[in-house]
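The residues making up each chain are set out below.
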Amino acid sequence: MKNKEISELIGGKPKLIIDIKGWLIYFNLVIDLILDHSNKTAYSTSIWHERELTHFEISILKIEDKRYFKHSGIDIYCAPRLVKQLITKKRLGGISTIEQQYVRTVINKKERTVKRKSHEMILSWLITKRLSKEMVLRSYLSSAYFGYKLNSCDEASELIFNSRSADISQHESAILASLLVYPLPKQVYNSIKLNKAYHYNSAEEFFNFTAKHAPNWTEKIKRRYQYAYKLTKT
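Residues numbered from 1 in each chain as written. Predicted model: local features only at pLDDT ≥ 70, side-chain atom pairs only at ≥ 80, totals over all residues. Heavy atoms only, no water.

Draft legend 1. Structural detail: a positive patch on the surface. Taken together, the side chains of K149, K186, K193 and K196 make up a positively charged region of the molecular surface. One can find K149 in the loop between α7 (133–141) and α8 (153–161). (Patch = residues over 30% accessible without salt bridge, like charges linked within 9 Å, V, L, I, M, F, W, Y side chains within 5 Å. Areas by Shrake-Rupley, 256 points an atom, 1.4 Å probe, with all protein chains shown as cover. Salt bridge = Lys/Arg side-chain N within 4 Å of Asp/Glu carboxyl O. Lys, Arg positive; Asp, Glu negative; His and termini not counted. Charge placed at Lys NZ, Arg CZ, Asp CG, Glu CD. Helix = DSSP H or I, 4+ residues; strand = E, 2+ residues; numbered from the N terminus.)

Draft legend 2. Geometry of α8. Taken across its nine residues, α8 has seven buried, putting it largely inside the fold. For α8, the full list of buried residues reads C153, D154, A156, S157, L159, I160 and F161. Against the buried residues of α8 lie α3 (55–64), α7, α9 (170–178), α10 (186–195) and α11 (203–211). Within two residues after α8, N162 carries a phi angle of roughly 55°, on the positive side. (Buried < 20%, exposed > 50% of the residue type's maximum accessible area, 1.4 Å probe, protein only. Contact = heavy atoms within 4.5 Å.)

Draft legend 3. Examining the packing of α3 against helix α12 (residues 215–232) more closely. Packing of α3 against α12 brings their axes to within 9 Å, and their N-to-C directions diverge by 105°. Considering their axes alone, α3 and α12 lie roughly perpendicular with respect to each other. Between α3, through S59, K62, I63 and E64, and α12, the contact on the second element is made entirely by R224, Y227, A228, L231 and T232. For the contact of α3 with α12, the per-class residue count stands at four nonpolar, two polar and three charged. (Axes fitted to C-alpha atoms, helices over the stretch in contact; angles between N-to-C directions. Parallel < 35°, antiparallel > 145°, perpendicular 65-115°, else oblique. Nonpolar A, V, L, I, M, F, W, Y, C, P; charged D, E, K, R; others polar.)

Draft legend 4. Focus on the packing of aromatic side chains. The full count for this structure, using the stated rule, is nine aromatic pairs. Both rings, one in Y43 and one in W48, keep their centres 5.6 Å apart while their planes meet at 45°; by these two values the pair is tilted. According to the relative accessible area criterion, W48 is buried, its value standing at 8%. Grouped by ring-pair contacts, the aromatic residues F161, F206, F207, Y225 and Y229 constitute a single cluster. Directly above the aromatic system of Y68 lies the positively charged group of K133, at a separation of 4.2 Å from the ring centroid. (Phe/Tyr/Trp six-rings, centres within 6.5 Å; stacked < 30°, edge-to-face > 60°. Lys NZ or Arg CZ within 6 Å of the ring centre and 35° of its normal.)

Draft legend 5. Fine view of the environment of E134. By the secondary structure assignment, E134 is in helix α7. When its relative accessible area of 38% is taken as the criterion, E134 is described as partly exposed. Sequence separation between E134 and W48 is 86 residues, and the spatial gap between their C-alpha atoms is 8.9 Å.

Shown next as structure tokens:
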């Protein structure tokens, strides 16, 4: 969903910070848009049909939000890192919960600013009052960006592994989870489509293939994969 579309649908943001009523209306309208998005993504991917969390979902939580089921959209344990980034004037990043990542996906605001982060945190807290944890996680993964022309976990999994994301192994799950940080580049996407290279017997075999087409990206995602897989074993 584009920012312009959201602005048009809800009539824009309040101009004054002290406009409490205006902000309450604004946040409620955005929440309605997020809930509508969640309803549209429901059962759109294979993970929705599983009663228990899949290997892939567990990998995502291990690498992206370890305390997911213990917080309400805002993880206070990330507060020290947030304060440090503000003090050192570094770009805000690496401290988002799954809810915050989902909000960012829906409203499509990518800039890393204090204003954006504060709005994101409020919206994340609000959606935990309207959606279950499982629904938020699965709505996010069913619409997240995994790479070129890959806008859901199943699209990415079926391209790379010729299998639904609900059915992939721990090794494959760690690779797929790593794509949220290092999305599949266009040249690798095209090479997989061209060669129909769907069957990788190991993660190393997959990385050997991608290294021929995107060596720098391969080195980055390989490190991320190793980190993700190590976490899934603990």
